[in-house]
Every structure is written in structure tokens, then in C-alpha cells.
Amino acid sequence: MPRHGKMKSVEKAKDFKGTIKRLFVYLKPYYLKFMIVVLFAGGSTVFSIFGPKILAKATDKLSEGILAKVSQSGGIDFDAILSILLFLGSIYLLSSVFNYIQGFITSTISQKVAYDLRKNISEKMNRLPLSYFDKHSSGDTLSRVTNDIDTIAQSLNQSMSQIITSTITLIGVFIMMISISLSMTLMNLCVLPISMIGISQITKRSQKYFSSQQKNLGEVNGHIEEMYGAHNVVKAFNGETSSIETFEVHNNHLYESAWKSQFFSGLMQPLTGFIGNLGYVGVCLLGGYLAITNAISIGDIQAFIQYVRSFNQPITQIAQIMNMLQSTAAAAERVFEFLDEEELDEEVVKVNQEELLNTEGSVTFSNVQFGYQEDKTIIHDFSLHVHAGQTVAIVGPTGAGKTTIVKLLMRFYELNGGSILIDGKDIRDYSRHDLRSLFGMVLQDTWLFGGTIKENLKYGKLDASDEEVKEACKLAYADHFIHTLEEGYDTILNEESSNISQGQKQLLTIARAFLKNPKILILDEATSSVDTRTEVLIQKGMDKLMEGRTSFIIAHRLSTIRDANTIIVMKDGDIVEFGNHESLMEKNGFYASLYQSQFKRTKEA
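Trainee: Give me the packing of aromatic side chains: which residues, what numbers.
Mentor: With the rule as written, the count across this model stands at 12 aromatic pairs. Measuring from centroid to centroid gives 5.7 Å for Phe370 and Tyr413, while their planes differ by 55°, and the two rings are tilted. Remark: Tyr413 occurs in the loop between α12 (402-409) and β4 (417-422) and Phe370 occurs in strand β1 (residues 363-370); sequence separation between them is 43 residues. Residue classification places Tyr413 among the buried positions, given a relative accessible area of 9%. Aromatic ring contacts, followed pair by pair, group Phe40, Phe47 and Phe98 into a single cluster.

What follows is the structure, given as C-alpha cells:
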């Protein structure tokens, strides 16, 4: 599991305008659909804007009829009113249809953008060096893929059509208000500057909290994932209290940023509503005066009051959209930060497929230097030549650099100095895919994914036949235990592979290496999780597997590598001794002391 360091808190989006502009690049392939959204959203809004004006005519007809009836000069023209109402109903129905269509297209666009972002992140992961995952928690990465992209998708879905309809509504309603009464319109506009000042102040304060909320959410996810993945370890070491305390710290940070962002966001509507109501009161008073002086009809007053409500609503909506964009910018910035991370060096492939197929497997380390941190070298001037077909055991105390050598050989990390050659060709002349196709690995930490046993075994050779799978399992002595399972090779392993034992998992990973039939074999404490009897059987199978192949064995139990052609003894990143078992024991040096100490412990046990 990657190391989980303390993440820096983010105060606000570093480049709000640049982030939003870059996000719109993802909308470029959908510009045609976006224009259709604009068309239908505009149509829906325009139809709804005309509603109050049409309804005003019905109100005027009704008021005229009532006055005529009172003066006994006529009556109410219900046919005319019904005709107006039917026309109004048709307008509203058409507006709803347009609104449905634009909503459908908007949802499609927002989810397509989210799909593109997730796809880019997935591809980016394969281009990132392992050093990135050493420095960043998997929970933080997961949060960018899920929470941040979901935030972007939801924001686009809500804001794209909303900003169009709100803008058109604001302009359209303003025009309709002027057409009814200029003086009443000016009265309503008096409160607009106050509303805009309040909105800008809230937006300024909420932006940093939305950014911090997204970051803190990543911290919470990272901690939960780490604690869940290591649940047994937490229980074994009574670490529940410490885990809960750490979670409380992260959770409190998330709570603080979340409630503040939601509080300021929630202030937007009541504030604009209150200020809008002030204008609404002024409009009602002025409208009443104009009606008394017969300067405006009752229907127009009714329509204008409706327009006042409609005028304030888009202002509130635009303010909410601006607030939402703060959260979107924070989420998008985190996604783009990941996409902008430094990638693996560009590959210059010089080894063709024919040369790859004819690889014999000789390996040369020439003055190799490496450190996980640039200022801390752990492999110093490492040189070694391994002939094709040789078995080389690498031994030494913990931290000597044994596993690091293997990681460098497979280009999991790039060298700081020196070179590694396979058949005389620099490993940097291979594509990483081609280079790693030469290797088969069995690690101390078994890795199996959720799926059937057969699918797990075929992971290294997807086109393997069932017969090849069974033969590999027989060589690894895994066939017998697989047949004891109810579903055999079709047994489904759960996410943690906890429905089989650790030793059985190790057998499956060994069988997977058999099936791949690699040119170069790497065994890192491959038999550490099996019992002594099974270890003896596996050792026999491995002897067959290693025949004719270059093999690197990393071992702590020195009794398992006595038959290796060459034993490399490492200490502090350097080779301190090398030779076969007998010659190293005769030297009575560092290897001999390691071996004798293990033999003594075994004998005492």
C-alpha cells in the first residue's frame, strides 16, 4: 500500500479562470449538442416569459366583463378568456417539451465529459511513475476519480442549461417589464446593486471553503481505505483507538470546511430573496398608485408583479451558479493537477519483435546507482553480469537493496546512473511493455483480483488454454487443492481473496508464473507463506521452471538457495560478497555469519 503522507490544505483554486477555461475544452466535441441546448433552453424560456403577458389579457378581459356587468352594459366574454387560456396552456406545454429535450441533452453532455475525464485519468495512471504513488495516498487519487469528477458532472448538468435560461429570463423579463411600465421597472432595479454586492461578498468567502472541502474529502477517503485494507493489522495491534482519533481529525477538518461552504452557499437565496422583497414592496406601492390614476391596467399590474418575481429568481440562480462554479473549479483543478503530473520518460524503442522473441536472458548491471529520493542514494555503483540460464540468489539484511535491484531491472524506476543490459541491449531501448513481457514474478505479497481462479491464472497469458492452465497448476502443486474446491477452477475469489488460505494464494501466483513461461524469472520470497512440506514440493517445481531460464531469487531463508549458481550478498546497496554457497562458507565472511545465525535459530527452534 502506498505511503500516506499528510496532505497540504488548499485555500482556494489557484487559477479559477484558467481551470474553467480548460474544462470547457472538454465540451468542444459536444458544441453542436450544446448549441441545441441553447436553442431549446432559449425557446423554453421565451415561451414561459410570454406567459404572464398573455395571462394579463385574460385578467383584463375578466375585469372588463365584471365592470360591464356592474354597469349593466354587457357581460364577461368567457369564450375570449377560454381562448386566451387555451393558447397560454399550449405555450406552457411547448415550453415544457423544450425544457425536457434540453435537459436530456444536457445530462448526456455532462456525463460524456465525466466519462472523458475518467478515461483520461485511467490512461494517465498507466503513464505515471511508481514514485508518484509512493508520495500520494490511493484514497486521494480515488477521490479525484470519483468525488471530484462527480462534482464536475453534477455542476455541468445543473449549470449549463441554468445559466442559459437564467440569462435569457433576466433579459426577456427586463424587456417585458419596460414594455409594461418604465417607472415600476426603475423602482425594481433600485435594489439590484445591493443584491449584487451581497452576492459577490458571499461568493468570495465561500470559494476557499469549497476547495478545502474537496481536499479534506480526499483525506477522509484515504484514511478509510487504508484502515479498511489493513483491518486485520489494526485489530491485531489494538490500533482502533488511534485509527478513530486520526479519523476524527480528518472528519473534523471536512466538517469545518463543509459546513462553512454550505452555510455561505445557503445564505445566497435568503439574502437575495430579502433584498428582492424590498423591491417587490416598492413595486406594489407604485403599481397601486398607477392603477388608481388609470395609468396602468389591473392585468398589467398582475403581469408586472409576476415578472418581478421572475426577475429576482434568475439573479438568485446566477448567484448560485457562480457559487457552484467555485466547487467545480476546485474539483476540476484537482483533476487537472493529476492529469498534469510528470509522466514516465518518452520511450525510444530500438529492440524489434524478432530480437525480443530471440532473447536468451543474459543480464548485465553496469555501475548502477539509484535512490528513491534524489539526495539519498541506496544503490552505489552496483555491477554484475549474469549469464543466460544462470540462477542468481540475492541475499542480505533488510534494507540492503535486494528488491530494489529487481524493480530497476523491470524499469519500475529509472536509474540515477549506470545501465542495465539484457543480451547486451540497454533496457531503455525496450518499450516497457515488451521488457516486462520477458519477466515472470512471484512476490512475497500475493496479489489476486476478484474473479475466478482461472481468470487470475490467465492474467499473465490471456490466450492460454484450459489444458495449459491445469498443467501449470500441476507443476506448482496447486491442482490438488483447486479440485477440493466446490467450483474448482471456476471458484470465484472475493475482493480480498479471503476465501482461500495465504498459502493457497501463494501457490496460485506461482502457477501464474509457470503459465506465463517467461525468459527471466524473479522469485521474491516465493515460498514464504507455505508450510515446510509444501515448500519442498514447490521447490521441485521451481527447479523445473528455472531450467534454461535466467532466474533471480530474493531470499531471507538461506537454506532455499544453496543450489544457486551464484549468490550475491548485498549490504547497504553494495555487493560485499559473491560466489556459490560452498565458496562463501569457506570465506567465513558476512554470508557465513548470516547462514550460521539462521541455522542456529532453526536448530534452537
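Moving on from the model shown.
Trainee: Describe the sheet that holds strand β9 (residues 520-524), naming the residues involved and giving the relevant values.
Mentor: Strand order across the open sheet formed by 6 strands is β6-β9-β10-β3-β11-β12, with mixed pairing between neighbours. The open sheet has two free edges, formed respectively by β6 (439-442) and β12 (574-579), since each of these has just one partner strand. Adjacent strand axes in the sheet meet at a mean angle of 20° when their direction is disregarded. Two elements, strand β3 (residues 391-395) and strand β10 (residues 550-554), share 4 bridges in a ladder whose sense is parallel. Among the inter-strand pairings, Thr391 is bridged to a residue of β10, identified as Ser551. Contacts from α12 reach β3, β6, β9, β10 and β11 (566-571), with the element oriented near 145° to β10.

Trainee: Now, about the pattern of salt bridges: what can you tell me, with residues and values included?
Mentor: Counted according to the given criterion, the structure contains 14 salt bridges. Among the salt bridges present, the one from Arg411 reaches Glu414, with a minimum N-O distance of 3.0 Å. Under the relative-accessibility criterion, Arg411 is labelled buried at 5%. A salt bridge links Arg428 to Asp426; the shortest N-O distance between them is 3.0 Å. According to the relative accessible area criterion, Arg428 is partly exposed, its value standing at 35%. Among the charged side chains, a network of salt bridges with common partners joins Lys454, Lys458, Asp466 and Asp490.

Trainee: Run through the confidence of the model for the protein, naming residues and quoting values.
Mentor: Mean pLDDT for the protein: 80, with 90% of residues reaching 70 or above. Every residue in residues 1-12 is under pLDDT 50, and counting partners more than four places away or in other chains gives 31 contacts.

Trainee: Quick rundown of a nonpolar patch on the surface? Include the residues and the values.
Mentor: Taken together, the side chains of Tyr255, Trp259, Phe263 and Leu267 present a nonpolar region at the surface, about 400 Å² in accessible area. As for its position among the elements, Trp259 is in helix α9 (residues 240-292). When its relative accessible area of 37% is taken as the criterion, Trp259 is described as partly exposed.

Trainee: Explain the environment of Ile49 to me, and be specific about the residues and the numbers.
Mentor: Following the sequence through the fold, Ile49 ends up in helix α2 (residues 31-70). A relative accessible area of 8% means that Ile49 is categorised as buried. Measuring from C-alpha to C-alpha, the distance between Ile49 and Met176 comes to 8.1 Å, with 127 residues separating the pair along the chain.

Trainee: So what's going on with a negative patch on the surface? Residues and values would help.
Mentor: A cluster of acidic residues, Asp543, Glu547, Asp563, Glu582 and Glu586, forms a negative patch on the protein surface. Along the polypeptide, Glu547 turns up in the loop between α18 (532-546) and β10.

Trainee: Outline the nonpolar core, supporting the account with residue identities and numerical values.
Mentor: Counting 40 residues, the largest nonpolar core has Leu457, Cys473, Ile482, Leu508, Ile561, Ile567 and Tyr591 as the members making the most contacts within it. At 7 residues, helix α17 (residues 502-516) tops the list of elements feeding residues into this core. Contact partners of Ile561, with chain neighbours within four places excluded, come to Ala393, Val395, Ile553, Ala555, Ile567 and Tyr591. Leu409, Leu415, Phe439 and Ile554 belong to the second-largest nonpolar core, a separate cluster that totals 33 residues.

Trainee: Go over the packing of helix α3 (residues 78-127) against helix α5 (residues 138-180) with me, naming the residues and quoting the values.
Mentor: Look at α3 against α5: their axes get within 9 Å of each other, and the N-to-C directions meet at 155°. It follows that α3 is roughly antiparallel to α5 by the angle criterion. Crossing geometry of α3 relative to α5 is assigned as right-handed. Every residue of α5 that contacts α3 at Gln102, Thr106, Ser107, Ile109, Ser110, Gln111, Val113, Ala114, Leu117, Arg118, Ile121 and Met125 is listed here: Thr141, Arg144, Val145, Ile149, Asp150, Ile152, Ala153, Leu156, Asn157, Met160 and Ser161. Residues of the contact of α3 with α5, tallied by class, amount to 12 nonpolar, 8 polar and 3 charged.

Trainee: Tell me what's going on with the sheet that holds β4, and back it up with residues and numbers.
Mentor: On the basis of which strands lie adjacent, the open sheet formed by 4 strands has the order β2-β1-β4-β5 and antiparallel pairing. The outermost strands of the open sheet, each flanked by one partner alone, are β2 (379-386) and β5 (425-426). As paired elements, β4 and β5 share 2 bridges and run antiparallel to each other. Residue Ile422 lies in a different strand from β5, and its bridge partner there is Lys425. Against the sheet, α12 touches β1, β2 and β4, its axis set at about 110° to β1.

Trainee: Give me the lowdown on the packing of helix α15 (residues 466-475) against α17, citing residues and values where you can.
Mentor: Between α15 and α17, the shortest axis-to-axis distance is 8 Å and the interhelical angle comes to 125°. As far as their axial angle goes, α17 and α15 are oblique. Considering only the axes of α15 and α17, their crossing is right-handed. Where α15 approaches α17, its residues Glu468, Val469, Ala472, Cys473 and Leu475 are matched on the opposing element by Ala511, Phe514 and Leu515. Here the contact of α15 with α17 is built from residues that sort into 7 nonpolar, no polar and 1 charged.

Rules used in this analysis
Residues numbered from 1 in each chain as written. Predicted model: local features only at pLDDT ≥ 70, side-chain atom pairs only at ≥ 80, totals over all residues. Heavy atoms only, no water. Phe/Tyr/Trp six-rings, centres within 6.5 Å; stacked < 30°, edge-to-face > 60°. Helix = DSSP H or I, 4+ residues; strand = E, 2+ residues; numbered from the N terminus. Buried < 20%, exposed > 50% of the residue type's maximum accessible area, 1.4 Å probe, protein only. Pairing = 2+ DSSP bridges. Axes fitted to C-alpha atoms, helices over the stretch in contact; angles between N-to-C directions. Contact = heavy atoms within 4.5 Å. Salt bridge = Lys/Arg side-chain N within 4 Å of Asp/Glu carboxyl O. pLDDT = per-residue confidence, 0-100. Patch = residues over 30% accessible without salt bridge, like charges linked within 9 Å, V, L, I, M, F, W, Y side chains within 5 Å. Areas by Shrake-Rupley, 256 points an atom, 1.4 Å probe, with all protein chains shown as cover. Lys, Arg positive; Asp, Glu negative; His and termini not counted. Charge placed at Lys NZ, Arg CZ, Asp CG, Glu CD. Core = buried A, V, L, I, M, F, W, Y, C linked by side-chain atoms within 4.5 Å. Parallel < 35°, antiparallel > 145°, perpendicular 65-115°, else oblique. Left-handed = near helix turned anticlockwise from the far one by under 90°. Nonpolar A, V, L, I, M, F, W, Y, C, P; charged D, E, K, R; others polar.

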